Structures are given as C-alpha cells and as structure tokens.
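# Chains, contacts and geometry: an overview
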Amino acid sequence: MRVGALLLSVMLAACGGAPSAVPTAPSGAPEPPSSAPTAAGVAAAPPTPAATPYRSLRVFVASDMGDAIYVLEGGASFSVVGQITVGKMPHNLAVSPDGRWIATGNRMANTVSIVDPYAMKEIARVAVGRQPHDLTWSLDSTLLFVGHERDTIIARIEAVTWKPLTPLVVGVPQHDLALSATRPNELFFTVTNSMEADHLRVIDLVTSRITKFKVQDVHDVFFTPDQSELWTTSSGYVGVPSDRLVASDPETRTVKAEFRLAGRYPFHTMKHGRDGSFYPPAETPMLLADHLGPSLLWMDPKERRVIDETKVGPEPYHSTYDPIGDRILVTSNKDGNVWVIDRTTHKVLQTVAVRAAHGIVAVGLP
C-alpha cells in the first residue's frame, strides 16, 4: 500500500540518538496517581482534574520544521512564553495522564524527548527505533509507548528512570496508537509502509497476542467519546484526501460501518494519554480536524454526521482542551498558527503564531 522513497517523502509532508538520561522529579508537578498497576503494568486512569484548582493553562506545541517545542500560557488570552530545545523534527506530543511528563517523538533523530512541563525543560532524551511518530502513555503514567513509521517494534519507556524496556515486537511499521480506559491492556495501532493487509491491529499487553481487523487504508485510530466504537481515518497523505471513515467494534474486532463525509478530509481527534490533561465535557460533539475545510468539525458520533464546522488555517492537525476558558486549541501546520476556539459558540477567539505547529498538549498551572 505504501512503498519506497516516494512513500517517505509524501508521509513526511502528511503528517522532525542520544542515550537515556536520569532526571530529577519535576518541580511543582501534581502528585502521581494512587492507583496500583495491574499485572500488565497498566492501571485505571486517574480522574480528569477539575478546572478550579488551576490559575492558568500552559500549552506545548511541537514545531516539526525545527528542533523546538513552543510554550504558550493563557488566561483571558494566550501568548508564547518560551521554547524548549529537543531533537530534530519533534512531531506528535503526549502528556502523561497524571500531568507530570510530556513526551515528543523526534522524527528525524530516532529519539524521544521527555519534558518537565513545570520546569519547562527537556530532562531526558531516549534512543528508540527508526522514525518515531505517535506516542501514548499507559493509563497509570508508568509507561510510554512509541510507534515507528520505519521500524517493526513499538518502544516502551519506563517513566521516571526513562529506561528503554523490552519493546513490543509487532512485525510491521506503525503510524498511530490508541489506548482506552475501558480496555487498558489493549494497545491499538495502525499499519504503514507495509504491503501486508489488515491495517488496524491490536496487541494484548499481557499476552503479546496481536489481532488484526479486516480493514484497509488506515491512517489514524481513535475511540468515540463514549469509548463504544473505534474509528479510523484513511489515506494520511496531505495531497491524497479521503472522506472515508470506518467504525469498528473493539470487542468483536469487526467492522460496524463504513461512511463518508462528502467534501471533507477527516484526520485526527483528541485522545486520552496524548492530547492534554483535560477533555471537553461529555455533551461536547466529537471533534475532528478536516484538511479540506480546512476546519475543525463538530460531529455527532451516534448519527455519524457533521453538525457544525469552524474554519481554521490550512493543514490542521491536533487539538487540546482548555477547561479554564472552555476553549479548544487547534494547530495549523501550514499557516503556522494555533487557533483558539470557544467551545460553546464554536467561534475563533484568537490565533497564536507558532512555526509549523503540529502536536499540542496542555497542563494546568496551580
């Protein structure tokens, strides 16, 4: 499906090693969760923090045309307050469920940077496989999983020590990862740069057994807000739009429906363990970045239809939620902006310039 050098150059357009370091504990970070790990090292997720304990939001944005993460802070409005130097081409970002750590895959350096969001500095850089792309944390914040576009393993990194553990051998390169609080021992991943069929798979973190879904042409994978369905987008190449979405049953591993959003190109949505410490209230429509709009789509996942859209800059990628101002922040890679949107009115409130903005996460400041 995706082959050769052309594949690599197109994929880079679509979606930037040092040894491990042992850091000190983050200053001013929240206390770690009290839940005990299961036999698989994965525990129930800590509750989403309430907005009230926080005086402002700190937002981290990966600039994938360089080697930096931009830092924004905001109350009534947001502004850039600093940059953190990491490895070459930071791409996706992931924040641990307890809010203590941020990780980014340095796509062209074959490393992962660990950032203390409170001290605003890189505290470890860990060598991983070839071309790290997506990252997600275990629900108890003890493990970081790293997928690779050019390797057949999913890396596992132990929190606090930042030691690489024995990787998960999955046999194919991956693109995106997903975990759910309802299925904490199952890591879902999409397949890229492979001629194999069945491009959505899941690995059991206890038994290491891999199960394949009978679905092809898969880009991202994510759960609906109620965790009942697993959705996948298609293509993944900026210049090759696809309006196709597939809904699968995570229990039976079967396809429930294939549907299309005419005139749209759905790309990414918010995921737990990746896109921020906070998530919109339950009544909020599902949010999808649309590359053809370009826009943020507000969707009814039950009816599988778009109920509203907010126009943003070209090539929108990831989003995060601000519970203090009740706002959604969306990165737009091509125009170099973070778009700040009112969750209730769906109107744009502000744009903040960030060069080649891609991954985004947020934490609260006490």
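Here is a short report on the structure shown in this document. (Residues numbered from 1 in each chain as written. Predicted model: local features only at pLDDT ≥ 70, side-chain atom pairs only at ≥ 80, totals over all residues. Heavy atoms only, no water.)

## Concerning the pattern of salt bridges
The condition is simple: Within this document, salt bridges are pairs made up of a side-chain nitrogen of Lys or Arg and a carboxyl oxygen of Asp or Glu, the two lying within 4 Å of each other. Relative accessibility decides the category of a residue: with a 1.4 Å probe and only protein chains considered, values under 20% of the type maximum give buried, values over 50% give exposed, and everything between is partly exposed.
Within this structure, the stated rule accounts for 28 salt bridges. Notably, a salt bridge pairs E186 with R183, separated by 2.5 Å at the nearest N-O pair. As far as burial versus exposure is concerned, E186 and R183 are alike and both buried. Residues participating in the shared-partner salt-bridge network are D134, D176, D220, K271, R274 and D275.

## A look at the environment of N110
What counts here: Each helix is a run of DSSP H or I of at least 4 residues and each strand a run of E of at least 2, with the numbering of both proceeding from the N terminus. Residue contacts are counted whenever heavy atoms from the two residues lie within 4.5 Å of one another. The definition of a polar contact used here is a pair of N or O atoms within 3.5 Å, where within protein one atom must be able to donate a hydrogen and the other to accept one, and adjacent residues in sequence count solely through side-chain atom pairs.
With respect to the helices and strands, N110 occurs in the loop between β5 (102–106) and β6 (111–116). Counting along the chain gives 21 residues from N110 to M89, while the straight-line C-alpha distance between them is 9.8 Å. Ignoring sequence-local partners within four residues, the contact set of N110 consists of V126, A127, V128, G129, R130, Q131 and P132. Engagement of the side chain of N110 in a polar contact is seen with the backbone nitrogen of Q131, the distance being 2.8 Å.

## Looking at the packing of aromatic side chains
Let me state the cut-off plainly: Two rings from Phe, Tyr or Trp (for Trp, the six-membered ring) form a pair when their centres sit within 6.5 Å of each other. Planes less than 30 degrees apart are called stacked, planes more than 60 degrees apart edge-to-face, and all others tilted.
Per the stated rule, a full pass over the model turns up eight aromatic pairs. Relative to F278, the ring of Y54 has its centre 5.5 Å away and its plane inclined at 70 degrees; by these criteria the two rings are edge-to-face. Remark: F278 occurs in the loop between β19 (254–260) and β20 (286–290) and Y54 occurs in the loop between α1 (4–14) and β1 (56–63); sequence separation between them is 224 residues. When the centroid spacing of 5.5 Å and the interplanar angle of 80 degrees are considered together, the rings of F188 and F223 count as edge-to-face. Separated by 35 residues along the polypeptide, F188 in strand β13 (residues 183–191) and F223 in strand β16 (residues 221–223) bring together distant segments of the chain. For the pair F188 and F223, one class covers both residues: buried. Taken together, W101, W137 and W162 form an aromatic cluster joined through their ring pairs.

## Quick word on the sheet that holds strand β2 (residues 68–74)
What counts here: Paired strands are those between which DSSP finds at least two bridges. Every angle, taken between N-to-C directions, lies between 0 and 180 degrees, and every axis is a line fitted to C-alpha atoms, over only the stretch in contact when it is a helix.
Reading across the sheet, the four strands line up as β3-β2-β1-β27 and stay open at both edges, with antiparallel pairing between neighbours. Each edge of the open sheet carries a strand with a single partner, namely β3 (78–85) and β27 (357–365). In this sheet, neighbouring strand axes are inclined to one another by 25 degrees on average, regardless of whether the strands run parallel or antiparallel. Pairing of β1 with β2 involves seven bridges; the strand directions are antiparallel. Within β2, the position partnered with R58 by the bridge is E73.

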